[in-house]
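Survey of secondary and tertiary structure
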Amino acid sequence: MRVAVVAARTGRYVDRDGVARTERVARGLAARGHDVTVYCTGWWEDYDEYRELDGVTYRAVTVSPADASFLARVPGLLAVDRPDVVHARPAPPAAVLSARA
């Protein structure tokens with residue numbers, strides 16, 4: 001199953017329980033054989049669009065924390081990638097609405 005996780009910030013940007021829990025869920029699903037992509041703010045040094053870590057693909061929606069740009073780009077990326085399931089972390093709250101669109 002193709003799973004999309006929409007999380008504007010990952011553990012590379014913030015240290016919160018909710019972020020850690022979301023990443024644990026993504027790693028757990030990948031360990032069970034699902035194709036998991038986390039749509040997030042890019043935290044890696046170069047400008048590659050994708051990064052693979054622990055069986056999870058991280059896709060840079062933006063290259064730096066910018067909520068407006070992130071929220072505007074998520075619906076289009078999800079429409080192109082067509083995942084079977086979308087899990088959205090509500091930080092910022094509008095991320096859930098953006099992922100739903």
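The structure reproduced in this document is the subject of the present report. (Residues numbered from 1 in each chain as written. Predicted model: local features only at pLDDT ≥ 70, side-chain atom pairs only at ≥ 80, totals over all residues. Heavy atoms only, no water.)

Structural notes on the nonpolar core
Heads up, the condition is: Nonpolar cores were defined as sets of buried Ala, Val, Leu, Ile, Met, Phe, Trp, Tyr and Cys residues, with membership established by side-chain atoms within 4.5 Å. When accessible area is computed with a 1.4 Å probe and restricted to protein chains, residues below 20% of their type maximum are described as buried, those above 50% as exposed, and intermediate ones as partly exposed. Only DSSP runs of H or I with at least four residues qualify as helices, and only runs of E with at least two residues qualify as strands; both kinds are numbered from the N terminus onward. Here, residues are in contact when the closest pair of their heavy atoms is within 4.5 Å.
With 12 residues, the main nonpolar core is built from Val-3, Val-5, Ala-7, Ala-26, Ala-30, Val-36, Val-38, Cys-40, Trp-44, Val-56, Tyr-58 and Ala-60. Going through the elements one at a time, β1 (2-6), α1 (17-31), β2 (35-41) and β4 (56-62) are the ones with two or more residues in this core. If we skip the residues at most four places from it in the chain, Ala-26 touches Val-5, Val-36, Val-38 and Val-56. Membership of the second largest hydrophobic core comes to 10 residues, among which are Val-6, Tyr-39, Val-61 and Leu-77.

Notes on the sheet that holds β4
Put simply, the rule is: Each pair of strands is called paired provided DSSP finds at least two bridges between the two strands. Axis angles are defined between N-to-C directions and span 0 to 180 degrees, where every axis is a line fitted to C-alpha atoms and, for a helix, only to the segment in contact.
A sheet is described by the order of its strands in space; here five strands give the open sequence β3-β4-β2-β1-β5, paired in mixed fashion. Lying at the two open borders of the sheet, with one neighbouring strand each, are β3 (50-53) and β5 (85-88). Direction aside, the axes of adjacent strands within the sheet are offset by 25° on average. Looking at chain direction, β1 and β2 are connected through five bridges and run parallel. Bridged to Ala-4 within β2 is Thr-37. Running at roughly 130° to β4, helix α2 (residues 67-81) makes contact with β1, β2, β4 and β5 of the sheet.

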